[in-house]
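# Examining the three-dimensional arrangement
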Amino acid sequence: MTEDGRAMEIDEVTATGSEEISTETLGQYYQRLFPFSPYFAWLNHTTSPSTLFTHREFSFTINDGIYLRYQSFKTLDELQREVQRLAPSKIDIGAVFTAQPRNAKSLQPGAFKPVSKELVFDVDLTDYDDIRTCCQGGNICKLCWRFMVVAMHVVDRALREDFGFQNLLWVYSGRRGVHCWVSDKRARELDDAGRKAVAGYLSLIRGGAEQARKVALSQRQALHPHIKRSLDIIEEYFEDILLVDQEILLTRDRWLKVLAAIPDEDIRKTLDTKWSKHPDRPSVEKWSELVDVIDKHASKPRAKLWLGLFERSMMLQLAYPRLDENVSVHANHLLKSPFCVHPKTGRICTPIANDAFDSFDPLAVPMLNQLLSELNSASSDATSLAPYVATFDSFAKSLQAAAAQDSESSQKISLEF
């Protein structure tokens, strides 16, 4: 139960989740369930091994913390045999390099460099702990997961509409967040400066826990189309998530965090005094009062410019995606692979279909022991993992089709010359 009496379904480490993960159970998973064929197609883009696969770094974590970096493979069969032999507790994916990563130590200094990698983004619910009231840390529930729903909608729309990217794979991290892998050639071939530029464009929240105002909009110029579109998305979810589910103004300690962002002491005191007289009133009512007070002050002659933008700035501050920029800006940054088993929860890191952001339920994602139990009475194609594999397979095939079309177009241009 939360402090305001709401019952939560929280995803925690339990005996039915992570405690049954072992080299033996992972070995069964890699032998019978891991989708190696679409995995190869996703990374390689064509049917025959190319440098996109052979020069790709894989990293394996085995035996409770032994870290094997710069692993690489010439074929899918080679990768499959090694993964099934080692049964890693975690697989990380790195960049495509100028040479096979397994030979990195034998190369001259400067000869081993990253040349491409999917543009990746990471959003984690722990970065929302200052506004989550239902859960904290590694715990999640269906209420706070909706922050991830907003994040996926905002980032997905921006990447498609502002940058023209088309091949986006969203993946549940297995515990408390989401990853986005952008597989378009233009995205894969971005240098670190380009990656930093895209990540910076998408990053709006600035300042740490001690900074009250983390979003500053300018009233001297029109809202940027990305900001306006993001606000349109956030407005659709804001009341339900922040005011109803999270009740961010229900108690004094919560509403003081919001009022701290108002750079006007008189307004802060007025609202604090009023709400303290009837503290149990719902957040929806208090938010409406806050907006009314701000609007009245904004309509006065010589009103401060920030007043007219406060509501929109605060909505962005509370609900806009909180990206981990460090994951995005370096091509050689490792990121956990899809279809890993999360060591803390036992859940599989499953793809999220582009049309399923709102319906995806992280608490319904299958756990390793659940899947192995299902295999006792069903084939791998009939387990609860199958729909996620189908989503992944469809995405991988679309990449292969796009690569084949690009190759055909290149050949036609070559013949014309």
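As the structure is a prediction and not an experimental result, all values here were calculated from the model. (Residues numbered from 1 in each chain as written. Predicted model: local features only at pLDDT ≥ 70, side-chain atom pairs only at ≥ 80, totals over all residues. Heavy atoms only, no water.)

## Concerning the side chain of Arg132
Position of Arg132 among the secondary structure elements: in the loop between strand 5 (119-124) and helix 5 (146-161). For Arg132, a relative accessible area of 4% gives the class buried. In this structure the side chain of Arg132 is engaged in a polar contact, spanning 2.6 Å, whose partner is the side chain of Asp129. Look past the residues within four positions of Arg132 in its chain and what remains in contact with it is Leu125, Thr126, Gly137, Asn139, Ile140, Cys144, Phe147 and Gln246. (Helix = DSSP H or I, 4+ residues; strand = E, 2+ residues; numbered from the N terminus. Buried < 20%, exposed > 50% of the residue type's maximum accessible area, 1.4 Å probe, protein only. Polar contact = N/O pair within 3.5 Å; in protein donor to acceptor, adjacent residues only side chain to side chain. Contact = heavy atoms within 4.5 Å.)

## Some points on empty space enclosed by the protein
All chains considered together, the criterion is met by 2 cavities of 30 Å³ or more. Its volume calculated, the largest cavity comes out at about 60 Å³. Around the largest cavity sit 10 residues that line it, and Arg213, Val215, Phe310, Ser313 and Met314 are the ones nearest its centre. Grouping the amino acids of the lining of the largest cavity by side-chain chemistry returns 6 nonpolar, 2 polar and 2 charged. Volume-wise, the second largest cavity comes out at about 30 Å³. Lining of the second largest cavity is provided by Leu43, His45, Leu52, Arg56, Val96, Ser116, Lys117, Glu118 and Arg188. (1 Å grid on protein atoms, 1.4 Å probe; cavity = no way out; pocket = protein on both sides within 12 Å on 5 of 7 lines; lining within 4 Å. Points joined across faces, edges and corners; volume = space filled by probe spheres on them. Nonpolar A, V, L, I, M, F, W, Y, C, P; charged D, E, K, R; others polar.)

## Thoughts on unusual backbone geometry
In terms of backbone geometry, most residues other than glycine have negative phi values and most peptide bonds are trans. The backbone of Tyr70 shows a phi angle near 55 degrees, a positive value even though the residue is not glycine. One can find Tyr70 in strand 2 (residues 66-71).

## Overview of the confidence of the model for the chain
Chain-level statistics for the chain give a pLDDT mean of 91 and a share of 90% at 70 or above. Confidence drops under pLDDT 50 across residues 1-5; counting only partners more than four residues distant or on other chains, this segment forms 10 contacts. Contacts from residues 12-16, a stretch scored under 50 in pLDDT, to residues over four places away or in other chains number 7 contacts. (pLDDT = per-residue confidence, 0-100.)

## Details of the environment of Ala260
On the secondary structure map, Ala260 appears in the loop between helix 9 (252-259) and helix 10 (265-277). In the structure, Ala260 is positioned 49 residues away from Gln211 in sequence and 9.1 Å away in space, judged by C-alpha atoms. In contact with Ala260, other than residues within four places in its own chain, are Ala212 and Arg268.

## Regarding the nonpolar core
In this structure, Tyr29, Tyr39, Trp42, Leu159 and Leu290 are the most contacted members of the largest nonpolar core, which totals 120 residues. Residue contributions to this core peak at 10 residues, all from helix 5. Counting residues in each nonpolar core, the second largest holds 5 residues, with Ala95, Ala99, Ala104 and Phe112 among its members. (Core = buried A, V, L, I, M, F, W, Y, C linked by side-chain atoms within 4.5 Å.)

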